[in-house]
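Report on the structure
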Amino acid sequence: MADDNVITAKPRERVRALLTDAADGLDAHEVGRALDVHVTTARFHLKNLVDEGTAVTVQLAPEGVGRPRVAYRIAPQPAADELGSLLLMQLGATSQQREDAAAVAGRDWARMHTAPPQALPPDPVIAVEAALTRLGFRVTGALSEFGRHRVNVCSCPLKHLAGTVPEIARGVVRGAVEESLAAASPILDRTYAVHVEPDASGNCSLTLILT
């Protein structure tokens, strides 16, 4: 049986997590036993991971007499992606330093796409949603209470970064949101601090907290 963190994730993410921890790969039967699901269900999610390019198949020696087993492994990272990740690591020695450097870039990116100023200060969520939409993001939900705003955002434009250098993705979004508030109104800029964190609902989501 898998651990609690694996069990509570989405099915495909549960399979992805298992493959990430298995250097030699796993076959469908092993995945099924680990997650307590039928082997057909395991094969379904493994095939989806292969189709999206996350996993690859390899041939393993048969256990006893029979055909070779088909195992699944996480796909190796392309050389260009590896180099890109290494270059991004040069933004700072710590995760926080890299996030802060990315926030500066996020501010510059948002500034390139700033909308004309409005006569009246807009709602902060509206200002953030408009700015992120111009940058290719999608707001999937928002909750406001007692001056605190929680905004769920699809990070698809930065998905290639979110998986390998998540602090860069968080920093870029934080900087873009900070710039959008400042561009909308000095009042919003002075009022709200921006915090970005991964959203538990999926690997393509970020949660913005404006306090």
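Residues numbered from 1 in each chain as written. Predicted model: local features only at pLDDT ≥ 70, side-chain atom pairs only at ≥ 80, totals over all residues. Heavy atoms only, no water.

Pairing between the strands of a sheet comes from backbone hydrogen bonds, and it takes one of two forms, parallel or antiparallel. The 3 strands lie next to each other as β1-β3-β2, forming an open sheet whose pairing is antiparallel. Each end of this open sheet is capped by a strand with a single partner; those strands are β1 (26-27) and β2 (55-60). Along the sheet, helix α2 (residues 11-21) makes contact with β1, β2 and β3 (69-74), crossing β3 at roughly 95 degrees. Together, β2 and β3 form the strand contacts of helix α4 (residues 39-51), whose direction differs from that of β2 by roughly 115 degrees. (Pairing = 2+ DSSP bridges. Helix = DSSP H or I, 4+ residues; strand = E, 2+ residues; numbered from the N terminus. Contact = heavy atoms within 4.5 Å. Axes fitted to C-alpha atoms, helices over the stretch in contact; angles between N-to-C directions.)

Turning our eyes to something else, we now look at the environment of E13. In this fold, E13 is placed in helix α2. Once the C-alpha coordinates of E13 and H45 are considered, the two residues, 32 residues apart in sequence, prove to be 9.2 Å apart. A polar contact is formed between the side chain of E13 and the side chain of R16, at a distance of 2.9 Å. (Polar contact = N/O pair within 3.5 Å; in protein donor to acceptor, adjacent residues only side chain to side chain.)

Nonpolar side chains collect at one region of the surface, where L83, L86 and L87 lie side by side and expose about 320 Å² of accessible area between them. One can find L83 in helix α5 (residues 79-89). (Patch = residues over 30% accessible without salt bridge, like charges linked within 9 Å, V, L, I, M, F, W, Y side chains within 5 Å. Areas by Shrake-Rupley, 256 points an atom, 1.4 Å probe, with all protein chains shown as cover. Salt bridge = Lys/Arg side-chain N within 4 Å of Asp/Glu carboxyl O.)

We now examine the sheet that holds strand β7 (residues 205-210). If you trace the 4 strands from one edge of the open sheet to the other, you get β4-β5-β7-β6, paired in antiparallel fashion. What marks the edges here is a single partner per strand, and that holds for β4 (138-145) and β6 (194-198). With strand direction ignored, the average angle separating the axes of adjacent strands in the sheet is 20 degrees. Pairing analysis gives 6 bridges linking strand β5 (residues 148-154) to β7, with the strands arranged antiparallel. What sits directly across from N152, in β7, is T207. Relative to β6, helix α9 (residues 166-184) is tilted by about 150 degrees, and along the sheet it contacts β6 and β7.

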